[in-house]
Amino acid sequence: QVRLVESGGGLVQAGGSLRLSCVASGRTFSRHTMAWFRQAPGKERELVGTITSAGNTDYADSVKGRFTTSRDNAKNTLYLEMNRLKKEDSAVYYCAVDDGRGWGHTSYWGQGTQVTVSG
């Protein structure tokens with residue numbers, strides 16, 4: 001059974017930092033593009049950043065220069081380093097793996113971790 005489990009969310013003051021992790025189990029995803037999404041209450045799920053198997057990254061304009069995604073294939077783990085957090089970054093953050101069918105149809109999603117930015 002494939003599982004993606006996020007951790008590292010929490011409450012942080014504006015301007016602070018958090019590091020999210022996503023551990024995959026059940027299979028390895030070293031050859032797959034992985035991504036972070038987020039969803040705030042009343043809003044659609046938003047793509048935050050992606051990282052290919054080669055380590056190439058791309059980010060939403062709203063987080064460029066503040067967020068960094070990385071991966072450790074040996075640990076089957078995806079990371080999201082979030083700096084200079086803003087209130088508008090508050091959301092549930094999800095990791096996902098592209099199974100070849102695109103983000104709208106992939107089967108691989110985590111359960112999410114809550115990030116709340118105060119102040």
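To be clear, the structure that these remarks concern was listed above.
Residues numbered from 1 in each chain as written. Predicted model: local features only at pLDDT ≥ 70, side-chain atom pairs only at ≥ 80, totals over all residues. Heavy atoms only, no water.

Engineer: Sorry, what's going on with the sheet that holds strand β1 (residues 3–7) here?
Structural biologist: Hydrogen bonds along the backbone pair up the strands of a sheet, which may run parallel or antiparallel. One open sheet accounts for 4 strands, arranged β1-β3-β8-β7; its pairing is antiparallel. In this open sheet, the two edge strands, each paired with only one partner strand, are β1 and β7 (67–72). For this sheet the average axis-to-axis angle between neighbouring strands, irrespective of direction, equals 15°. The sheet contact formed by strand β3 (residues 18–25) and strand β8 (residues 77–82) spans 6 bridges and is antiparallel. (Pairing = 2+ DSSP bridges. Helix = DSSP H or I, 4+ residues; strand = E, 2+ residues; numbered from the N terminus. Axes fitted to C-alpha atoms, helices over the stretch in contact; angles between N-to-C directions.)

Engineer: I keep staring at the side chain of Asn76 and nothing clicks. Help me out?
Structural biologist: Mapped onto the elements, Asn76 comes out in the loop between β7 and β8. A polar atom in the side chain of Asn76 sits 3.2 Å from the backbone nitrogen of Phe29. If we skip the residues at most four places from it in the chain, Asn76 touches Cys22, Val23, Ala24, Ser25, Arg27, Thr28 and Phe29. (Polar contact = N/O pair within 3.5 Å; in protein donor to acceptor, adjacent residues only side chain to side chain. Contact = heavy atoms within 4.5 Å.)

Engineer: Help me out: how do you make sense of the state of the cysteines in this one?
Structural biologist: Joining two cysteines, a disulfide is a covalent bond between their sulfur atoms. According to the stated counting rule, one finds 1 disulfide in the structure shown. Here Cys22 connects covalently by a disulfide to Cys95, the sulfurs 2.0 Å from one another. Residues Cys22 and Cys95 are joined through a disulfide that is right-handed, its torsion about the S-S bond being 55°. One end of the pair, Cys22, is in strand β3; the other, Cys95, is in strand β9 (residues 91–97), and 73 residues separate them in sequence. Overall, the relative accessible area of 1% leaves Cys95 in the buried class. (Disulfide = S-S within 2.5 Å. Buried < 20%, exposed > 50% of the residue type's maximum accessible area, 1.4 Å probe, protein only.)

Any functional reading would require information that these geometric values do not contain.
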